Amino acid sequence: MRVLFVYPNLYTQMGFNHGLASLSAVLKQAGHETRLVNLNENLPPVPTHEDLWREIVEWGPGAIGFSCLTQQYRAAVEIARFLRRRAAEEGRELPPLVVGGVHPTMVPEETMAEGVWDHVGVGECEDALLALIERIERGERPSDVPNFLSWKDGARPEREVAPVASDRWIHNKVGEFPNLAELPIPDYELFDVQRITDQKHGWFGLLSSRGCPYRCTYCLNHKIVDRYHDELERPVPDLGFFRYRPPAKLVEEIQWVLARYRGIGTFIFDDDLFTQSAPHAIAIADAYREAKIDVPFVVNSHVKRLDPRVAKALGEAGCKILKLGIESGSPRVRKEVLQRFMTDTDILKTVEAAEKNGLHTSGFLMVGLPYETHEERWQTVDLLAKSGIGRFRTSLFFPFPGTESHRLALQGGYIRPEQELKLTDFTESSCLDFGSEENLFIDKLATCMPWFVTSRMDRFRAAPASARYRPWVEQVLAMDETEWAAFKPTVRDVDRELALEASRAAELHYSIRYNAFMGVRSDFYLAEEQGIEWNTAAAKPIPDRLRDLALAAAADEVC
Ligand code: B12
Ligand code: SF4
């Protein structure tokens, strides 16, 4: 049967979607045909709703599958409503509309109550979607396929129904997690991967494992585990949540990818927690090195899960960046609000251990957390300054529906509902309200975090750049709302100037690089700008390295 996927990936990062690629590979392996309509403004021309309708009429799929995260969900509903209207106008029968992905998984009842979907997929759906498609192909209107919420007897209502009206649909239990050792290579060809890779300057996402043992309140994993635990009626360790692709299969996939696409400069392992199992991480790193894959890579790690042997194996295999969730510098907030049980010492030691092995460290931060005091926000700045981390990515906290953090934020009265619905991207503004003064401070902090951190580095070690950045931070802090609104658009230009002056003076600092929310340590970005391997440069002490780099930068300017 023909299955048309729709990825309403609007107003967000462009890209590839591992879930859709995996679903498509499984369907194709079973003899079905798939196509994708990928909606992203970075991949113009963006197909219009009419284009999508034409594709449906001309290609004649037997089912249409939407995949969405939360911020893409409203766009998906709008498209689905359009298709229903269009089909009615032309008197055509619309194939079943199926939706899956993170958002439907988190709030399946709400999604079903929308009244627009025929089937709502929950959790990992490789086996489930195949089963559903085969039943639809046989002319059935199934309502008993695991992982799906489906209308009783296929009787979808004409309009939205209250979520409590669940007597109208069947909420089937989830099936087992798919076995990654048996899944085919993801269907990269579903996407225009070459174009995406070119646009992403050679960054290419891979997945070597699924699952994570932690229960951070802002992440989907606690909800997934609870659902599988309740519905499969097994203790959590027996659910088999953490799975990985066998190293040989992964290497085969990487070699296929390298032979097929040009210009791949860095692989990003998108696994939730690449270093979770030391034997797995070492086996992958060793297989990567032994296969002589000459492409640097990036992994997600965890402050409590970086075995020294893993750090060493990763460094030797060509790992360039090791990402760590830090989120808040306040141990209280980490514990009570985020359920991240780690001390400041754990964070400092892991950063140090990684950098010692030539791994550039990258920290995820969330600014504007509920229940965080003003002083605790400054603790984040100080922890970063103290750690000397390689880079950090600052996001404004956004509580995703269905997570514990959403419940907490709601309970504390922090959420502005109209903002929550409006936001398509949480890098630009927050949907939480802390009062106008604190909201202003949070915006300044999120925008100028590299300046804040640089200005406090001399609290922990000799750091001449702190004196250079401090007056700017003071100036920013003194601005009222109007002054800040006028100054904010100039921040990146000012940052360039400041960074240039600090580099000329060989002063270690953080600068806004790559995008508006990334602060990068100067020894790394200067090495990169000059085509010097940071890993090699890292062998020298930082002051020597900076002097070399500043000299080289000055020479470049003269030329
Ligand atoms: C890799 C990743 C990325 C990658 C690639 C994103 C992608 N779309 O694939 C990049 C770096 C680009 C990225 C960016 C972002 N991400 Co991200 N990302 C992840 C991560 C770590 C893994 C996703 C993954 O590949 N999982 C494995 C695959 C196999 O699972 P899957 O995609 O969910 O698909 C399965 C099911 O959902 C289902 N399914 C999926 N589609 C469909 C369709 C149908 C019809 C059916 C039946 C089933 C179905 O079956 C699939 C196969 O098992 C997740 C965390 C996680 N564990 O999921 C966060 C996560 C998805 N990201 C998240 C966020 C917030 C973002 C950003 C908004 C961050 C930002 N501020 O920019 C952007 C959004 C970009 C975008 N539009 O995708 C959140 C989403 C939360 C939410 N409620 O929406 C997550 C869940 C992390 C979290 N905080 O909990 N991300
Ligand atoms: S460690 Fe990362 S992936 Fe695991 S639950 Fe926490 S946020 Fe999610």
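Check the entry above for the structure.
Please read these numbers as outputs of a predicted model, since none were measured by experiment. (Residues numbered from 1 in each chain as written. Chains lettered and ligands numbered in written order. Predicted model: local features only at pLDDT ≥ 70, side-chain atom pairs only at ≥ 80, totals over all residues.)

Enquirer: With reference to specific residues and values, describe the site of ligand 1.
Expert: The environment of ligand 1 is formed by 40 residues, the closest being G19, G65, S67, G100 and G121. Among the elements of the structure, α1 (18-29), β3 (63-67), α3 (70-90), β4 (97-100), α4 (102-106) and α6 (126-137) are those that each provide at least two residues to the shell around ligand 1. Tallying contributions element by element places α1 first for the shell around ligand 1, with five residues. Among the residues forming the shell around ligand 1, the class breakdown is 15 nonpolar, 20 polar and five charged. (Near = placed C-beta within 6 Å. Helix = DSSP H or I, 4+ residues; strand = E, 2+ residues; numbered from the N terminus. Nonpolar A, V, L, I, M, F, W, Y, C, P; charged D, E, K, R; others polar.)

Enquirer: Give me the environment of R234: which residues, what numbers.
Expert: Residue placement: R234 occurs in the loop between α8 (221-232) and β10 (243-244). For R234, the contacting residues outside a window of four places in its chain are H229 and L239. (Contact = placed C-beta atoms within 7 Å.)

Enquirer: With reference to specific residues and values, describe the pairing of β4.
Expert: Residues in a regular strand point their side chains to alternate faces of the sheet. Side chains of β4 alternate between two faces, with L97 and V99 and V98 and G100 buried alike. Where β3 meets β4, four bridges bridge the pair, whose relative direction is parallel. Counterpart to I64 in the pairing with β4 is L97. Of the crossover connections in this fold, the one passing from β3 over α3 to the parallel β4 is right-handed. Bridge count between β4 and strand β5 (residues 119-121): two bridges; the pairing is parallel. Looking at the pairing, V98 lines up with H119 of β5. (Buried ≥ 20, exposed ≤ 12 C-beta atoms within 10 Å, placed from the backbone. Pairing = 2+ DSSP bridges. Right-handed = clockwise from strand over helix to strand, strands pointing away.)

Enquirer: Before we move on, could you go through the sheet that holds strand β7 (residues 169-171) and cite the residues and values that matter?
Expert: On the basis of which strands lie adjacent, the open sheet formed by seven strands has the order β2-β1-β3-β4-β5-β6-β7 and mixed pairing. Unpaired on one side and paired on the other, β2 (33-38) and β7 mark the two borders of the sheet. Each strand axis lies, on average, 20 degrees off the axis of its neighbour in the sheet, ignoring direction. As defined by bridge partners, strand β1 (residues 2-7) adjoins β3 across four bridges and the pair is classed as parallel. Across the sheet, residue V6 finds its bridge partner in β3, namely F66. (Axes fitted to C-alpha atoms, helices over the stretch in contact; angles between N-to-C directions.)

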